[in-house]
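# Structural overview for review
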Amino acid sequence: MKTVLAPSPAGAPRAGRSVRRLAAAAVLAALALAAAPARAQPAPDAPRGLPSLGDAGEMTPLEERKLGDLIARELYRDPDYIDDAVVGEYVDGIWRALMVGARARGELPPELDERYAWRVLLGRDRSINAFALPGGYMGLHLGLVGAVASRDELASVLGHEMSHITQRHIARLLGQQSRQMPLLIAAMVAGAVAASKNPQAGAALAVGGQAAVIQQQLNFSRDMEREADRVGYAVMTQAGFAPQGFVSMFEKLQAAARVDDNGEWPYLRSHPLTTQRIADMQQRQQTLPRRALAPDLEALLVAARARVLSRPGVDALRTWADEPGQSGFASQPLARRAGVLYAAALAQVELRDLPRAQALAAQLLPLVAGHPRATHQVHLLQAELALRADQPQRALDLLKAEAPATTSDPRGQAGRAALLLRAQALTRTGQAGEAASQLRTWVGDHPLDASAWQALAQAEAAQGQTLRALRAEGEAPMAQLDYAGAVNRWRAAQDWARQHPGGSAELIEVSIVDARLRQAQALLHQQREDEKKFR
């Protein structure tokens, strides 16, 4: 498995929407707001610090995390899951800032902060959608990243979904549906089976099975949406994002709601946009001082990348690739030209014209001079293109100006994209030892970074360190909750060690593998028990 830093070749078969395989579980979370009970009475002994809108039912944070882990494991295995280091680092920076804001406002209780995963999983899907999942997970389609024009707009969506999690909306819904849940789960399972053969038929079964529940309990879902708006708005402004981002995102959703729904905006269906929600956000925005916002060049570059990564089809790629050559392009605003050039360069990669892609990236660089974040994105793009053109030394030269990866927040990703690109370049220039050293430092602070573990495995293998490579290969599936995959690789490591007995260093590595194997086997057993419980 390679680190995903660029899109697959044009024409690659599309495996289906990101969450299609998860209808039985993800719909319960992503669309749970439409299936909430009409009334919720707070428990008399509800602990201090929990949200005010109802209670969390009978599901504990630990139980919710276990359910979230089961869903996340399936998302990781979905063909449309993508770990793009560039988009992921950008999204993660916003996500972490929002978490800081939530803590500062007291919206993130210490128990949830510690127990929940707080991870955003990207889906290679063109539709505009995002959804909260149990246990602190969130799904985000590249289509939504490609539709926003600023960090503030994306922060409004992430803040809204984070608030569904911190307010424990999903836990309440699952804990309060004891009478309706069996029928609903049955409908979702039937929909999942049908969707594997006929997506439209599967969707019809799933929707039909919950239609009565949705119709009867829409009012409570609107209450949850308003609460997520209110809390999300407060969190994003606390985190330093402009309140205009919330309003402008609502305006985009409102404009989309006026036209016929062609399936590209499922976010509207799972998050119904009402005039009351729009008016509330507009009123809140008026109470704060309005500041002029300059074009967000970095956001436009990342959005262009997300659009290309979402597999839009050869016709769209050709259109984007040709756009810089159209008459009148030079007279367009700088921000517009920058986004177009980035998309054109990456589209040319898909169309397998690397020299043209590199020329477009070089044309883009002077446009963003004076904009450090945008310049950083262009340097990453140029290094990525150099690696694709088998120019690893050029990639290293381009990355020299980039700051090293930071370990200030063990859960954050600052500097991750440059680290992974640099590790590839070092390994390919005969400096695998340096690559391995940098990656070991990173995974020591970020043990759940599957792509970093896989890059480390490649660097170790390049040095002939087979046992260390096998150990790292086991850590990669472990980080994505694939405990069976981890067991497989660590058993292979044990077999190799028995056939190639080594010195004291090897014995230490073998002891680590033995311990990790036992942990993986225990987690695999627990995972199977949890599957029985939630099915």
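None of the values given here were measured: they were computed from a predicted structure.

### Section: the overall build of the protein
When helices and strands are tallied, the protein shows 25 helices and three strands. A buried classification covers 53% of the 535 residues belonging to the protein. Pairs at least 24 residues apart make up 73% of the contacts formed inside the protein by residues separated by at least 6 positions.

### Structural notes on the packing of aromatic side chains
Inspection of every chain in the model, using the stated rule, returns four aromatic pairs. Each ring, one from W95 and one from W118, has its centre 6.4 Å from the other, and the planes form 45°; the classification is tilted. Taken together, the residues W95 in helix 3 (residues 85-105) and W118 in the loop between helix 4 (110-115) and strand 1 (119-123) connect sequence positions 23 residues apart. On the accessibility criterion, W95 (1% relative accessible area) is buried. Under the relative-accessibility criterion, W118 is labelled buried at 0%.

### Re the nonpolar core
Membership of the largest hydrophobic core comes to 70 residues, with the highest contact counts inside it found for L98, W118, L140 and L158. It is helix 3 that contributes the most residues to this core, eight residues altogether. With 33 residues, the next largest nonpolar core counts A383, L396, A418 and A452 among its residues.

### What to know about helix 14 (residues 297-309)
For helix 14, built from 13 residues, the straight-helix expectation of 18 Å at 1.5 Å per residue is met to within 8% by its first-to-last C-alpha distance of 18 Å. By the criterion of burial, helix 14 is predominantly enclosed, with 11 of the 13 residues buried. Among all positions in helix 14, only L297, E298, A299, L301, V302, A303, A304, R305, A306, V308 and L309 are buried. Just past helix 14, the residue R311 takes up positive phi, approximately 55°.

### Quick word on the sheet that holds strand 2 (residues 130-132)
With respect to topology, three strands assemble into an open sheet ordered 1-3-2, the strand pairing being mixed. Of all strands in the sheet, those bounded by a partner on one side alone are strand 1 and strand 2. This sheet shows a mean twist of 20° between the axes of neighbouring strands, independent of strand direction. Judged from the three bridges that link them, strand 2 and strand 3 (residues 137-141) form a sheet pairing that is antiparallel.

### So, unusual backbone geometry
Glycine aside, residues mostly have negative phi angles, and peptide bonds mostly take the trans form. The phi dihedral of W118 is positive, around 55°, even though this residue is not glycine. Even without being a glycine, D390 presents a positive backbone phi close to 60°. In this structure, D390 sits in the loop between helix 18 (372-388) and helix 19 (392-399). Given the relative accessible area of 58%, D390 is considered exposed.

### Some remarks on the pairing of strand 3
Counted residue by residue, strand 3 has five buried out of five residues, so it is predominantly covered. Side-chain alternation along strand 3 places Y137, G139 and H141 on one buried face and M138 and L140 on a second face that is also buried. Judged from the five bridges that link them, strand 1 and strand 3 form a sheet pairing that is parallel. The residue of strand 3 that forms the bridge with L121 is G139. Between strand 2 and strand 3, which pair antiparallel one after the other, the connecting turn spans four residues, and G135 there sits at a positive phi close to 75°.

### Some thoughts on the packing of helix 14 against helix 18
Between helix 14 and helix 18, the shortest axis-to-axis distance is 7 Å and the interhelical angle comes to 30°. Comparing their axes, helix 18 and helix 14 come out roughly parallel. In the packing of helix 14 onto helix 18, the handedness of the crossing is left-handed. Contact residues: L297, E298, L301, V302 and R305 in helix 14; R373, A374, Q377, V378 and E384 in helix 18. Of the residues in the contact of helix 14 with helix 18, the class split is five nonpolar, one polar and four charged.

### Here we look at the environment of Q519
Along the chain, Q519 turns up in helix 25 (residues 504-534). A relative accessible area of 38% means that Q519 is categorised as partly exposed. Residues Q519 and Y483, spaced 36 residues apart in sequence, show a C-alpha to C-alpha distance of 9.1 Å.

### Observations concerning the pattern of salt bridges
Enumeration according to the criterion identifies 28 salt bridges in this entry. A salt bridge links E531 to R73; the shortest N-O distance between them is 2.4 Å. One end of the pair, E531, is in helix 25; the other, R73, is in helix 2 (residues 61-77), with 458 residues separating them in the sequence. With respect to burial, E531 and R73 carry one shared label: buried.

### Quick word on the confidence of the model for the protein
Summing up the model confidence of the protein, the mean pLDDT is 80 and the portion of residues at 70 or higher is 71%. Within the model, pLDDT remains below 50 along residues 1-54, and this stretch shows 145 contacts once partners closer than five positions in the same chain are excluded. Scored below 50 in pLDDT, residues 185-197 makes 23 contacts in the model with residues more than four places away or belonging to other chains.

### Details of helix 15 (residues 314-322)
Turning to helix 15, its buried residues are L317, W320 and A321. Around the axis of helix 15, the buried residues are gathered within 100° of arc, so they sit on the same side. In helix 15, the exposed positions that point more than 90 degrees away from the buried face belong to D315 and T319. Of the surrounding secondary structure, the elements contacted by the buried residues of helix 15 are helix 14 and helix 16 (334-350).

### As for the environment of L351
Along the polypeptide, L351 turns up in the loop between helix 16 and helix 17 (354-364). Judged by relative accessible area, L351 falls into the partly exposed class, the value being 27%. Residues L351 and V314, 37 residues apart in the sequence, show an inter-C-alpha distance of 7.9 Å.

### What to know about the packing of helix 3 against helix 14
At a minimum axis separation of 10 Å, helix 3 and helix 14 run at an interaxial angle of 135°. As far as their axial angle goes, helix 14 and helix 3 are oblique. Here the hand of the crossing between helix 3 and helix 14 comes out left-handed. Contact with helix 3, carried on its side by V86, V87 and Y90, involves E298, A299, V302, R305 and L309 of helix 14 and no other residues of that element. Across the contact of helix 3 with helix 14, the residue classes break down as six nonpolar, no polar and two charged.

Conventions adopted
Residues numbered from 1 in each chain as written. Predicted model: local features only at pLDDT ≥ 70, side-chain atom pairs only at ≥ 80, totals over all residues. Heavy atoms only, no water. Helix = DSSP H or I, 4+ residues; strand = E, 2+ residues; numbered from the N terminus. Buried < 20%, exposed > 50% of the residue type's maximum accessible area, 1.4 Å probe, protein only. Contact = heavy atoms within 4.5 Å. Phe/Tyr/Trp six-rings, centres within 6.5 Å; stacked < 30°, edge-to-face > 60°. Core = buried A, V, L, I, M, F, W, Y, C linked by side-chain atoms within 4.5 Å. Expected span 1.5 Å × (residues − 1). Pairing = 2+ DSSP bridges. Axes fitted to C-alpha atoms, helices over the stretch in contact; angles between N-to-C directions. Parallel < 35°, antiparallel > 145°, perpendicular 65-115°, else oblique. Left-handed = near helix turned anticlockwise from the far one by under 90°. Nonpolar A, V, L, I, M, F, W, Y, C, P; charged D, E, K, R; others polar. Salt bridge = Lys/Arg side-chain N within 4 Å of Asp/Glu carboxyl O. pLDDT = per-residue confidence, 0-100. Arc of directions from axis to C-beta.

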